[in-house]
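Survey of secondary and tertiary structure
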Amino acid sequence: MSDFDYDLFVIGAGSGGVRAARTAAATGARVAIAEDRYLGGTCVNVGCVPKKLYSFAAHFHEAFEDAGGFGWHLPEAPRFDWATLRDNKIGEIKRLNGIYGRLLDAAGVRLINERARVVDAHHVEVGGETLSAEKILVAVGGWPWMPDFPGNDLVVHSNQVFDLDTFPERFLVLGGGYIAVEFASIFNGLGSESHLVYRGELFLRGFDQEVREFTRDEMAKKGVNLHFDANIESVEKIAGGLLVTLTNGEKLEVDAVLTATGRRPHLEGLGLDALDVALTESGHLAVNDRFETSVPSILALGDVIGGPELTPVALAEAMQLVRHHFEQSAPAALDYRNIPTAVFCHPNIGTVGLSEEQARQACGEIRVYTADFRPMKHTLSGSAERCLMKLIVDDVNDVVVGAHMVGEEAGEVIQGIAVAVRAGLTKADFDATVGIHPTGAEEFVTMREPTRR
């Protein structure tokens, strides 16, 4: 037994923190975890899970419209009730919080429902106690960043938008990333007059350009009002709502404003600054391949270290961290290439590997295969929604280096395609695969002629 109270003390019971605590405990380590807000972190409480539930809800609007072409006629117009969705979501999140608590208990991890503060390299202060630990893991995630403009006290950020008291008939979101495009789509689908304001010329910077343009056109077709090359100058309260003035002079009257302008590491009050723990230029904790900070006994993972801010990445980092520090193995550095991701706007985006622009830089000679089509479902539904599928191939070795989709259930499709991209399969392997007919996904194995080189 060591001279410390714990072998590992984890600060933050989000996805990465809980996974690290449980797997470390499974090796025989004595583990405690502190959380001052909610079990499951951002993903479970104010991120992926409630966002996906709300996205499901928003799709029903289109499903009701599509049903007529298939012979279904509703006796009266569907009516959406915000309070039902919001409150049912709250019940589901509480259920998941309970599961996380039981998982920690079953693993023998002590849970402390308080915010912990690092005192020194081996001590934390939490709930009036000072506890010692051989290693301290910081896994506190991120927190929404709120831009500064007159009236920013009248707007909400992404942690708050799920629990609005009343449904906004007119909704505006500021931003151009995942959260912004998702919530512009969600509130549009739920019935709001939806506006998206972004300072750049096109949202989803870093994604494939063709995917970005296709998504822009599809969202606009569905009724989302897009305001590019603009920012919020001010927000003021007026009778019956909010008046938003944009930097281009446009004025919009809405009922709610969401700022989705990025998240920053939630490090305030942790005490790390007093220890001179090194930060990156972006303000994240700097770590090595073993997830050690500049103070080796203090570890970090997840959104606080500035990698891909995705729940599965934090889970992978947690497993890798435990291998290094508690299983005494020496695994290769975690490979962050070819991580698939999805954006749950309407229609969905799924992507893995390189964009066309990245591939032209990395590979030089490439072949690009695309399919832009009207899904079979909409031949009867009457919807004008289209689907885009895209493969990017290194012309030297025929390896598929990128796969992209915009369309219904794109995330589900790309999760499977990601295995092939990760495995380094070639276009010939895709061509040799027999498709499932009739499906949209079969397009990925039937695109024979390149669209361009």
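About the criteria used
- Residues numbered from 1 in each chain as written.
- Predicted model: local features only at pLDDT ≥ 70, side-chain atom pairs only at ≥ 80, totals over all residues.
- Heavy atoms only, no water.
- Helix = DSSP H or I, 4+ residues; strand = E, 2+ residues; numbered from the N terminus.
- Pairing = 2+ DSSP bridges.
- Contact = heavy atoms within 4.5 Å.
- Axes fitted to C-alpha atoms, helices over the stretch in contact; angles between N-to-C directions.
- Expected span 1.5 Å × (residues − 1).
- Buried < 20%, exposed > 50% of the residue type's maximum accessible area, 1.4 Å probe, protein only.
- UniProt positions renumbered as here; feature names shortened; annotations may be inferred.

This next bit is on unusual backbone geometry. Put simply, His-346 and Pro-347 share a cis peptide bond, and its omega is 0 degrees. Position of Pro-347 among the secondary structure elements: in the loop between β18 (341-343) and β19 (349-353). Cis geometry marks the peptide bond from His-437 to Pro-438; its omega dihedral reads -5 degrees. Relative to the helices and strands, Pro-438 is located in the segment after α11 (427-432).

With that settled, consider the pairing of strand β4 (residues 117-120). Looking down a regular strand, the side chains alternate between one sheet face and the other. The pairing of β4 with strand β5 (residues 123-126) spans 3 bridges and is antiparallel. Bridge assignment links Asp-120 to a residue of β5, and that residue is His-123. As consecutive antiparallel partners, β4 and β5 are separated by 2 residues.

Strands sit in the order β8-β15-β9-β10-β11 across an open sheet of 5 strands; the sheet is parallel. Edge strands, defined here as strands with exactly one partner in the open sheet, are β8 (156-157) and β11 (225-227). Where β8 meets strand β15 (residues 256-259), 2 bridges bridge the pair, whose relative direction is parallel. From the neighbouring strand, His-157 faces β15, where its bridge partner is Thr-259. Contacting β9 (170-174), β10 (193-197) and β15, helix α5 (residues 178-190) runs over the sheet at an angle of about 165 degrees to β10.

What follows covers helix α7 (residues 311-325). When the terminal C-alpha atoms of α7 are compared, their 21 Å separation across 15 residues agrees well with the 21 Å that a helix rising 1.5 Å per residue should span. For α7, the complete set of buried residues consists of Val-313, Ala-314, Glu-317, Ala-318, Gln-320, Leu-321, Val-322, His-324 and His-325. Of the surrounding secondary structure, the elements contacted by the buried residues of α7 are α1 (15-26), β6 (129-138) and β17 (298-300).

Here the UniProt feature "domain: FAD/NAD(P)-binding" (unreviewed entry) sits at residues 6-318. A helix fraction of 31% and a strand fraction of 24% characterise residues 6-318, whose end C-alpha atoms lie 18 Å from each other.

Turning next to the UniProt feature "domain: Pyridine nucleotide-disulphide oxidoreductase dimerisation" (unreviewed entry) in the chain. Those residues carrying the UniProt feature "domain: Pyridine nucleotide-disulphide oxidoreductase dimerisation" (unreviewed entry) are residues 339-447 in this numbering. Taken end to end, residues 339-447 has its terminal C-alpha atoms 23 Å apart, with 28% of it in helix and 28% in strand.

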